[in-house]
Structures are given as structure tokens and as C-alpha cells.
Amino acid sequence: MKFKFRLAIFIIVLLWYLGIWCEFLTMLWHGFAFTLPFLQIIYSHVCHQDPAKVIYFNGMHTFVCGRCLGIYSGILIVTIFFLFSGRLRTGARWILLSSFVPVALDVFFVKVHLYHYSKTIAFLTGFILGSVGIYYFYETVSVKIKESKN
Amino acid sequence: MRKNLSAFVVGFGAGVIQVVPVAKSFSCCLILPAAAVLALSLEQKSTGDYSPITFPRAAVTGILTGLWAALFGTFFDLFITFITHTNDVVGAYGELQKMISSFPLDETVKKQVSALLNGVITQIKETGFSALYAFSALINNLILDTLFAFIGGIIGMRILNSRHSSFPGNGND
């Protein structure tokens, strides 16, 4: 995939990720405050935004829960890696499938009250799923683009 | 038509799940990618064609699933909002108001930001419908659901095709 396409993907992912932290960005530039109501609506469609599960710092919170933040953080990290490397090795299917397991187990254990909901665990399980999932997405798209050129 | 029926059915299901509070809180942003994978799998079963899924097929099924989910999801969201005169945004309003008032911003900015959201909230509470909310929900769902389902479709192709070969979900295009 050409660098400009990878850069475009990176910018989209970065903007989406920064939107999650918009409350914090308001401290840098007050004009961001006007986007808050709209971002609240936008992110409410991709996350339940349960106040008990979103991340708080200094009275400000993210627009998504710990798990979703983990997923998007994983996506951003892999996107940065993909931006600079551009080449991804083929991974096995079991890695992709097993990336769902930590999330499923965490949800199950919380639901059966084996332990209380932990933002850290939710973030980490989400991070694994997001990073592995998007890795396979980029890899498949890259292979297809390469094939279409040949 | 039969090929796209699975996208319609699963899109409908995803649209419903998107507005059911308990189900929604389970997996939130994973609903659409999972729906696209399910749509691909159902498509294979309904057509009896288990040959490797092609990239365009996966992309189209994913996008269609996302589109149907967006349309149904928006419809159900607006319908429930119309009936109940409340929704997630109304629920989160108090929290957002509190947060905005605690910001070290100019009073004018605070008032303007509050007024933006207040208009939507008041309309929803009084009439059960806000044109701005409806428009933003539709556009938002159309873009996000389609994108998420597209990603799900490609990942689904990878999962389903890996039964055929060691190569990453290669379809014979």
C-alpha cells in the first residue's frame, strides 16, 4: 500500500482517537468545547459510555469506556506501526480468534461476579483485540492490493 | 438477492442490538464487526457455496450489513426516543453539563456550548424528536456502522477463508 494511503488511514484513526480525549484537548484550546456535544452524540453510538466504566482524570473523562479505549489504542498503535513499515507478516488464524478470548473471559468473569469490573483489565483485553484485529485487516487489505497490481 | 439477504437479516439484528441497553453494553463497538462476520458465514450457508470468499464479496457484504444496521438502528433509536422522550444523550446530559461548568472556560463559551446541547435535549424531552439529533444519528450511523462492518467483513473473510489454505483469506478473485 502506498505511503499516502497509509498516511490517510493514520490521520483518520488519529482524529478518531483524539476525539475520545476531546475533553482533555479543551484545556489546550477552548474552541474544542464546541465540539463536545456533538462528540458526545457521535461516540454514544459506538459505546455505552457507562460513567462507571469511562476513564477519568482530573474530573474529565473519555468519551468511551475502558475496553473501547483499549481497542482504539491498539488500533492506533498498529496503525502507526503500519504507517512506517507498510509490510506485515501473515499471521495464523488462531491468533486472530484467540484475541477474542480475553475479552470474552473478562466479560464472563465480571458477569458471574468472579471479580469486579476493572478498567485496567478491560483496557488491556480491548487493546489485545483491537491491535490483533486491525493487524489482520491491514494485512489482508495489503495483500489484496499487492495482488491486484500483479 | 439471496446473497444479500444475510446482510439484511444480520443488519436488522445488529440494528436491534444497538438500541437494546443491556445487549449494547456487552460489546458496544464489536457488534458491527461481529455482525459482518456472521453475515458472511450465513451467506455461505444459505447459498451452499463454501468456496473462498473474494475480497469484493466480503467488502460488499460488510458494507451492506453496516448500511442495514445503520438504517434499522437509527429507526429504532428514533422510534424509542419518540416513545420514551429520552435516550443515551439525555441520560448523559447532566454529566456533560457538570463537566462543562467545571471547565476553566469563559462564561460565554460555557453558555454557548450548553445552549447547543440544551436545544436538542429540550426538544427530545418535550416532543420526543429532535431534527438535529435525528440527522446526526443517521449520518453518524451510516458512516460508522458501514466502516466498522467493512472492517468486520474483511476480518471475517480472513477467518472463514483460512479453512481453505494457509494464505490470509485468499479468495479467487
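Residues numbered from 1 in each chain as written. Chains lettered and ligands numbered in written order. Predicted model: local features only at pLDDT ≥ 70, side-chain atom pairs only at ≥ 80, totals over all residues. Heavy atoms only, no water.

Here we look at the overall build of chain A
Phase 1: Within chain A one finds seven helices and two strands.
Phase 2: The helix and strand sequence of chain A, counted from the amino end, reads α-α-α-β-β-α-α-α-α.
Phase 3: Principal axes of the C-alpha set define a box for chain A whose edges measure 55 × 45 × 20 Å.
Phase 4: For chain A, the proportion of its 150 residues judged to be buried stands at 52%.
Phase 5: Expressed as a percentage of contacts within chain A between residues at least 6 apart in sequence, the contacts between residues at least 24 apart total 70%. (Helix = DSSP H or I, 4+ residues; strand = E, 2+ residues; numbered from the N terminus. Buried < 20%, exposed > 50% of the residue type's maximum accessible area, 1.4 Å probe, protein only. Contact = heavy atoms within 4.5 Å.)

Considerations on the packing of aromatic side chains
Phase 1: By the definition in use, this model includes 25 aromatic pairs over all chains.
Phase 2: A ring pair is formed by A:Trp16 and A:Tyr72, whose centres lie 5.8 Å apart and whose planes are at 80°; its orientation type is edge-to-face. Of this pair, A:Trp16 sits in helix α1 (residues 3-20) while A:Tyr72 sits in helix α4 (residues 66-85), and the two are 56 residues apart along the sequence.
Phase 3: Under the relative-accessibility criterion, A:Tyr72 is labelled buried at 4%.
Phase 4: Between B:Phe8 and B:Phe72, the ring centres sit 5.5 Å apart and the planes meet at 70°, which makes this aromatic pair edge-to-face. Note that B:Phe8 is positioned in helix α1 (residues 2-19) and B:Phe72 in helix α4 (residues 55-84), a separation of 64 residues in sequence.
Phase 5: With relative accessibility at 33%, the residue B:Phe8 sits in the partly exposed group.
Phase 6: In textbook terms, an aromatic cluster arises when at least three aromatic residues are bridged by ring pairs, as seen for B:Phe8, B:Phe12, B:Trp68, B:Phe72, B:Phe75, B:Phe76 and B:Phe79.
Phase 7: Sitting over the ring of A:Phe5, A:Lys4 keeps its end group 5.9 Å from the ring centre.
Phase 8: Across the ring face of A:Tyr117, the terminal group of A:Lys53 is positioned such that the distance to the ring centre comes to 4.9 Å. (Phe/Tyr/Trp six-rings, centres within 6.5 Å; stacked < 30°, edge-to-face > 60°. Lys NZ or Arg CZ within 6 Å of the ring centre and 35° of its normal.)

A look at the interface of chain B and chain A
Where interface size is given, it is often the accessible area lost as the parts come together that is meant.
Phase 1: With 47 residues of chain B at the contact, the number on the chain A side is 46 residues.
Phase 2: Regarding the contact of chain B and chain A, the summed buried area is about 4,000 Å², with carbon and sulfur atoms giving 76% of it.
Phase 3: Our count for the chain B to chain A interface comes out at one salt bridge.
Phase 4: Taken together, the elements giving at least two residues each to the side of chain B that touches chain A come down to α2 (21-27), α4, α5 (88-102), α6 (107-127) and α7 (131-161) of chain B.
Phase 5: If one sorts the elements of the side of chain B that touches chain A by residue count, α7(B) sits on top with 15 residues.
Phase 6: Its residues placed into classes, the side of chain B that touches chain A shows 30 nonpolar, 10 polar and seven charged. (Buried area = accessible area lost by both parts, 1.4 Å probe. Salt bridge = Lys/Arg side-chain N within 4 Å of Asp/Glu carboxyl O. Nonpolar A, V, L, I, M, F, W, Y, C, P; charged D, E, K, R; others polar.)

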